[in-house]
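Fold and contact review
The chain contents come next:
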Amino acid sequence: MSAGEVGRRGVLAGGLAAVAAGAMSAPALADDAPVTERLKGYTYPLTARGVANLAPTPPWHYVGDVVGVEFWTRPDAAAASLPTGLDPDPTSSGHGYALFIDWQFSASDNEYLDPVRSQYSEFLVLLDAVHNGSPVAWCPFIYVDNDEALARGWVQGFPKKIGAIHQTRAFGVPSQAGPVVGPGGRFGATLSSNGRQLAQAQVTLEQTAPTIPALGRPIVNLRHFPRLTKGQYDNPAVHELTQSVLDTPQVAGTWTGTGDLSFFPAPAEELADIGPVRSGAGFRGSLSYSVTDLIIL
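Each chain carries its own residue numbering, running from 1 in the written order of its sequence. Restriction of local features to residues with pLDDT of at least 70 applies here, the model being predicted, together with a cutoff of 80 or more for giving and counting side-chain atom pairs; totals for whole chains, interfaces and linings are based on all residues. No hydrogens and no water enter the side-chain calculation; it runs on all heavy atoms of the structure.

**Quick word on helix H4 (residues 147-156)**
Summarising burial for H4: seven of the ten residues are buried, a large majority. Buried residues of H4: Glu 148, Ala 149, Leu 150, Ala 151, Arg 152, Gly 153 and Gln 156, and no others. Where H4 begins, one side-chain oxygen reaches toward the backbone nitrogen of Glu 148, 2.7 Å away; that side chain belongs to Asn 146. Burial classes: relative accessible area under 20% of the type maximum marks a residue as buried, over 50% as exposed, and values in between as partly exposed (1.4 Å probe, protein chains only). A run of H or I in DSSP counts as a helix once it spans at least four residues, and a run of E counts as a strand once it spans at least two, with each numbered from the N terminus. Distance and chemistry together define a polar contact, namely a pair of N or O atoms within 3.5 Å, with one atom able to donate a hydrogen and the other to accept it when in protein, and with adjacent residues in sequence counting only for side-chain atoms on both sides.

Take a look at the structure:
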């Protein structure tokens, strides 16, 4: 069995259990004393009424449609993207996934009723890695088209940038303007940033699947907040590996098939440095989960 086959079978067998709360053990840090501040809010901007902040206080709830493609990049390129504390997975080095997601978000105030704020699109890459011998997924690049999603991502450690992400839509009525969610259904997806195309994918569906293939490993990020103090630029205020915790993750309507994926070079971008040398399975499905916590590794 090839390393790629080992990776694929492990992902499909692991399913959502690996990304749910408690999938990896790590020491919990004691909470610091609450800050006394008259302005209110969870993230910037803190204000008098506390309603203008970009990211409201958790819990955060997400539901979305995912179009994704499995791929392999050069093992040395994948290894170069890993932060200190993570190592290449020897069973699947260079293996990863590219995901295009059409999200709807809500917190505790029915934010989904304000679609201009609650709807956004996202692109991210997940690469196989290990932390202390345990399989994880590392997110080196992620783009969103919504500043509130950007703020929530930075709080979690996702290195989000602003981009434009689109995917083919499917509807509940037959039409030549949309694909079927079934055998032969074809979906496309694109990412651009600053007016330059960075990624594109095409997926052709063949059969149903029990889970979204990319969800077999807990996601590890690097929370990094630098200091703006002369002589302290290399001594960040926060620099820590974090593991995402997804509460009550659920999937539905997942189909897999063939996929094709390309990354493109652009100024001030490094996504193409981990560009695919070959593509694997393509897939489409729906995903939901909530976020209330994370684990400091």
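**Considering a nonpolar patch on the surface**
A contiguous nonpolar surface patch, about 330 Å² in accessible area, is contributed by Leu 39, Tyr 44 and Leu 46. Within the fold, Leu 46 resides in the loop between helix H1 (3-14) and strand E1 (60-72). Grouping into patches uses exposed residues only, defined as over 30% relative accessible area, and leaves out salt-bridged ones; the cut-off is 9 Å for like charges and 5 Å for nonpolar side chains (Val, Leu, Ile, Met, Phe, Trp, Tyr). Reported accessibility uses the Shrake-Rupley method at a 1.4 Å probe radius. Residues are deemed covered only where the shown protein chains occlude them. Within this document, salt bridges are pairs made up of a side-chain nitrogen of Lys or Arg and a carboxyl oxygen of Asp or Glu, the two lying within 4 Å of each other.

**What to know about the pairing of E1**
Among the 13 residues that make up E1, ten are buried, leaving the element largely enclosed by the rest of the structure. In this sheet, strand E14 (residues 278-291) lies alongside E1 in antiparallel orientation, the contact comprising twelve bridges. Within E14, the position partnered with Gly 64 by the bridge is Leu 287. Only when DSSP finds a minimum of two bridges between them are two strands counted as paired. Two elements, E1 and strand E3 (residues 95-106), share twelve bridges in a ladder whose sense is antiparallel. Its bridge partner being in E3, Phe 71 is matched across the sheet by Gly 96.

**Considering the nonpolar core**
Taken as a class, soluble globular proteins show a tendency for nonpolar side chains to be buried jointly. Throughout, nonpolar core names a set of buried Ala, Val, Leu, Ile, Met, Phe, Trp, Tyr and Cys residues whose side chains join them through atoms within 4.5 Å. Core analysis: the largest hydrophobic core is formed by 30 residues, its most contacted members being Tyr 62 and Leu 99. Residue assignment for this core shows that the elements contributing at least two residues are E1, E3, strand E4 (119-131), strand E6 (142-144), H4 and E14. For this core, the element with the highest residue contribution is E3, accounting for five residues. What Leu 99 contacts, discounting residues up to four positions off in sequence, is Val 66, Val 67, Gly 68, Glu 122, Phe 123, Leu 124, Leu 126, Ala 214 and Phe 283. Judged by nonpolar contacts, the second largest core, of 27 residues, contains Val 69, Val 203, Leu 205 and Ala 266. We call two residues in contact whenever any of their non-hydrogen atoms come within 4.5 Å of each other.

**Looking at the packing of aromatic side chains**
Each Phe, Tyr or Trp ring, with Trp reduced to its six-membered ring, pairs with another whose centre is within 6.5 Å; inter-plane angles below 30 degrees give stacked pairs, above 60 give edge-to-face pairs, and intermediate values give tilted ones. Under the defined criterion, the tally for this structure stands at ten aromatic pairs. The interplanar angle of 70° and the centroid separation of 5.6 Å between the aromatic rings of Phe 71 and Phe 263 together place this pair among those described as edge-to-face. Of this pair, Phe 71 sits in strand E1 while Phe 263 sits in strand E13 (residues 247-263), placing them 192 residues apart in sequence. With a relative accessible area of 0%, Phe 71 lands in the buried category. Put simply, the rings of Phe 71, Phe 100, Phe 123, Tyr 143 and Phe 263 pair up and form one aromatic cluster. For a Lys NZ or an Arg CZ to count as sitting over a ring, it must be within 6 Å of the ring centre and within 35 degrees of the ring normal. A cation over an aromatic ring shows up here: Arg 278 above the ring of Trp 72, its NZ or CZ 3.9 Å from the ring centre.

These figures capture arrangement, not role.
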